[in-house]
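Now for the letters of each chain:
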Amino acid sequence: MISAEQNARLTQVGPGTPGGRVLRHYWQPIALVEELDGKRPVRAVRALGQDFVLFRDQAGRLGLLDRDCPHRGADLAFGRLEDGGLRCAFHGWLFDANGACLETPAEPEGSTLCSRIRQRAYPVEVRSGIVFAYLGEGEAPPFPAFDCFAAPATHTFAFKGLIDCNWLQALEVGIDPAHASFLHRFFDDGDAADAYGKQFRATSDGSDLPMTYVLREFSRPRIEVENTDYGLRLFALRQINDATMHVRVTNLVFPQAFVIPMSAEMTITQWHMPVDDISCYWIAIFTSFAGPVDHAAMRSQRLASYSLPNYLPKHGRHDDYGFDAEEQASATYTGMGEDINTHDQWAVESQGRIQDRTREHLASTDKAIAANRRLLLRAMAATEEGRRPALLQEAGTAALTGPGTIDGMAPSASWEQHWKDAVTRRRSAAPWGPPALAAE
């Protein structure tokens, strides 16, 4: 258990809060590139408790500005895209992608007011179908050379979905390897031919055992956690028999992402982007180490559970997450369908919009959750002392690769080397040539 004060410290994201200051030291995934498709590429964005407008000008430049016009606060998300920028519909003030005021057309002829006006603009970068923004002060940190950023567009796919709760509890479900044996349990292993694009439905690497079987029948994993240059590496070890260990390696990328295996061919890198203190988006890049991603299939699968244009879940509190008692008795552990995003959504939203951690009791399988909270608290202390957080801030960040993931069988006596070799083989065979992993 932690105190109410510590809980607030860990969960608040607004300007000036300890957590908000930490998150503003990192690139934030604020939108999908596809959200700017269409005739009018302008999108209102709320992130870290602030309101912005994202747009693409007529020359193709991306801009991210504070949403309130500096004249009298009108909403720039309803502005006109014209004349090299975004024009406020109230009095016609025009701003370019860098926040420079280009025109104040209602002012008298010869007015120099425009030269003294500037709207705050934020650096943006596009990586693998996601628009990232740096919302902090000073110079932005470098991007790491992670696989999800190194792979070409043919081998990545990005999507997102809204979660109606605080970002931290949404993240924490992804660094809790034990829950998959219960929350994502299927009583029928299903058809392996239908496993594409679905987590925990394929066979584990180096085995013909479906992951559904492994998780269901071996529900007491040994959890180990180690510190890395990017955050944490997690091991979930399931002893299949005397000779064989199932090894699942996942990663926390500080402060708000995890990297996990989806299948023997694909990984998921998923951020939890705080909208404010009580809601967030999961936003993910799926990276293939084999053939090109079937974008149409991946998109169709996810649109079965999410609605556009705001990527809202079709199931939630409003319909008890689609709960079906007969399904719970015979098909799935939750009775909430086969989409594990819905399972996770229920698990984290049912804790309340901000989990009351004064009432929780962490267990031995929560090692990574406790370790990550310690990282967050240390990072907050650093920013309060005027320093940058310790992780992913220095020039060496650009050289970080991977991180390696695996979901497969290994010899019990040599699993620690086996998983590294398996990751190396998969990455070496990738047609797009991932950068070499740093020595483990």
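Our structure's up above, just so we're on the same page.
Reading guide: rules and limits
- Residues numbered from 1 in each chain as written.
- Predicted model: local features only at pLDDT ≥ 70, side-chain atom pairs only at ≥ 80, totals over all residues.
- Heavy atoms only, no water.
- Helix = DSSP H or I, 4+ residues; strand = E, 2+ residues; numbered from the N terminus.
- Rg over C-alpha atoms; globule rule 2.2 N^0.38 Å.
- Buried < 20%, exposed > 50% of the residue type's maximum accessible area, 1.4 Å probe, protein only.
- Contact = heavy atoms within 4.5 Å.
- Areas by Shrake-Rupley, 256 points an atom, 1.4 Å probe, with all protein chains shown as cover.
- Pairing = 2+ DSSP bridges.
- Axes fitted to C-alpha atoms, helices over the stretch in contact; angles between N-to-C directions.
- Core = buried A, V, L, I, M, F, W, Y, C linked by side-chain atoms within 4.5 Å.
- Phe/Tyr/Trp six-rings, centres within 6.5 Å; stacked < 30°, edge-to-face > 60°.
- Lys NZ or Arg CZ within 6 Å of the ring centre and 35° of its normal.

A closer look at the overall build of the chain
Next up, step 1: A tally of regular secondary structure across the chain gives 10 helices and 22 strands.
Next up, step 2: Computed over its C-alpha atoms, the radius of gyration of the chain comes to 23 Å, within 12% of the 22 Å expected for a compact globule of 440 residues.
Next up, step 3: Oriented by its inertia axes, the alpha-carbon framework of the chain measures out at about 85 × 45 × 45 Å.
Next up, step 4: Here the chain holds 440 residues, and the buried ones make up 55% of them.
Next up, step 5: Partitioning the contacts of the chain with sequence separation of at least 6, the portion at a separation of at least 24 is 63%.
Next up, step 6: For the chain, the computed accessible surface area is about 18,600 Å², with 50% contributed by carbon and sulfur atoms.

Overview of the sheet that holds strand 9 (residues 124-127)
Next up, step 1: Taken in spatial order, the 3 strands line up as 1-10-9 in an open sheet, and their pairing is antiparallel. Because the sheet does not close on itself, it has two edges, and the strands there are strand 1 (27-32) and strand 9. With strand direction ignored, the average angle separating the axes of adjacent strands in the sheet is 35 degrees.
Next up, step 2: Strand direction decides the pairing type here: strand 9 and strand 10 (residues 130-134), joined by 4 bridges, are antiparallel. Its bridge partner being in strand 10, Glu125 is matched across the sheet by Phe132.

Overview of the nonpolar core
Next up, step 1: Among the nonpolar cores identified, the biggest contains 79 residues, and Ile30, Leu64 and Trp271 are the most heavily contacted of them.
Next up, step 2: The contacts of Leu64, once residues within four sequence positions are left out, are Ile30, Phe52, Val53, Leu54, Ala97, Arg120, Ala121, Tyr122, Val124, Ala133 and Leu135.
Next up, step 3: Of all hydrophobic cores here, the second largest spans 16 residues; its members include Leu65, Phe95, Leu113 and Cys114.

Remarks on the packing of aromatic side chains
Next up, step 1: Summed over the entire model, instances satisfying the criterion amount to 21 aromatic pairs.
Next up, step 2: Seen in terms of ring centroids, Phe159 and Tyr311 are 5.4 Å apart; in terms of plane orientation they differ by 75 degrees. Their pairing is edge-to-face. Of this pair, Phe159 sits in strand 12 (residues 156-163) while Tyr311 sits in the loop between strand 19 (306-307) and strand 20 (312-313), and the two are 152 residues apart along the sequence.
Next up, step 3: Their ring planes at 70 degrees and their centres at 6.3 Å tell us that Tyr213 and Phe218 sit as a pair that is edge-to-face.
Next up, step 4: Note on Tyr213: relative accessible area 29%, which makes it partly exposed.
Next up, step 5: The ring of Phe143 carries the charged tip of Arg127 above its face, separated from the ring centre by 4.3 Å.

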